[in-house]
Amino acid sequence: MKKAQPEFELQKQIAQYLRLQYPKVMFLSDVKAAVKLTIPQAVRLKSVQANDDFACPDLMIFAMRRGFGGLFLELKAKSPLLKNGLFSSNAHIRRQAQTLLSLTREGYAAKFVWSFDIAKELIDWYLGGEK
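Residues numbered from 1 in each chain as written. Predicted model: local features only at pLDDT ≥ 70, side-chain atom pairs only at ≥ 80, totals over all residues. Heavy atoms only, no water.

With reference to specific residues and values, describe the sheet that holds strand E2 (residues 59-61).
As summarised here, the arrangement of the four strands in space is E1-E2-E3-E4, forming an open sheet in which the pairing is mixed. Single-partner strands in this sheet number two, and they are strand E1 (27-29) and strand E4 (109-113). Ignoring which end each strand starts from, the neighbouring axes of this sheet average 15 degrees apart. Across five bridges, the pairing between strand E3 (residues 71-75) and E4 is parallel. Each bridged residue has a counterpart across the sheet, and for phenylalanine 72 the counterpart in E4 is alanine 110. Contacts from helix H3 (residues 91-105) reach E3 and E4, with the element oriented near 155 degrees to E4. (Pairing = 2+ DSSP bridges. Helix = DSSP H or I, 4+ residues; strand = E, 2+ residues; numbered from the N terminus. Axes fitted to C-alpha atoms, helices over the stretch in contact; angles between N-to-C directions. Contact = heavy atoms within 4.5 Å.)

Tell me about the packing of aromatic side chains, and please be specific about residues and values.
All told, the structure shown has six aromatic pairs when counted by the stated rule. With a centroid separation of 6.4 Å and an interplanar angle of 40 degrees, the aromatic rings of phenylalanine 68 and tyrosine 126 are classed as tilted. Placement of phenylalanine 68 in the loop between E2 and E3 and of tyrosine 126 in helix H4 (residues 116-127) is noted, with a sequence separation of 58 residues between them. When the ring of tryptophan 125 is compared with that of tyrosine 126, the centres are 6.2 Å apart and the planes differ by 50 degrees; the resulting orientation is tilted. Judged by its relative accessible area of 39%, tryptophan 125 falls in the partly exposed class. On the accessibility criterion, tyrosine 126 (0% relative accessible area) is buried. Following the ring pairs from residue to residue traces out a cluster consisting of Tyr17, Tyr22 and Phe116. (Phe/Tyr/Trp six-rings, centres within 6.5 Å; stacked < 30°, edge-to-face > 60°. Buried < 20%, exposed > 50% of the residue type's maximum accessible area, 1.4 Å probe, protein only.)

Just geometry here; none of it tells us what the structure is for.
Here it is, written out as structure tokens:
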């Protein structure tokens, strides 16, 4: 039985939407979390990545719009926010939130999304903006 991968399924939906609605927009999906690597492959990958403080977003749209250098999305199966509006205390979520904050400070639009509808609304807002 295959393990459910809701974040990867969301990533596929968003990629399909981008290809259909915005065929000329360049984007990249980081799928390494959905792929089982051998130990040598994992070592090789780690040797060419940024330090462990950087959690690469799942989807990167390379288009300058609305005063931003690109749109980076971190995809989640459910909201990373707690009922009080703060981020989960999970270390991985906090590292991803810090990366999104750092990217925002560098001039990118960077957000968590946890449903296709949220992603679509954000993408349409972003890509509908002036160049």
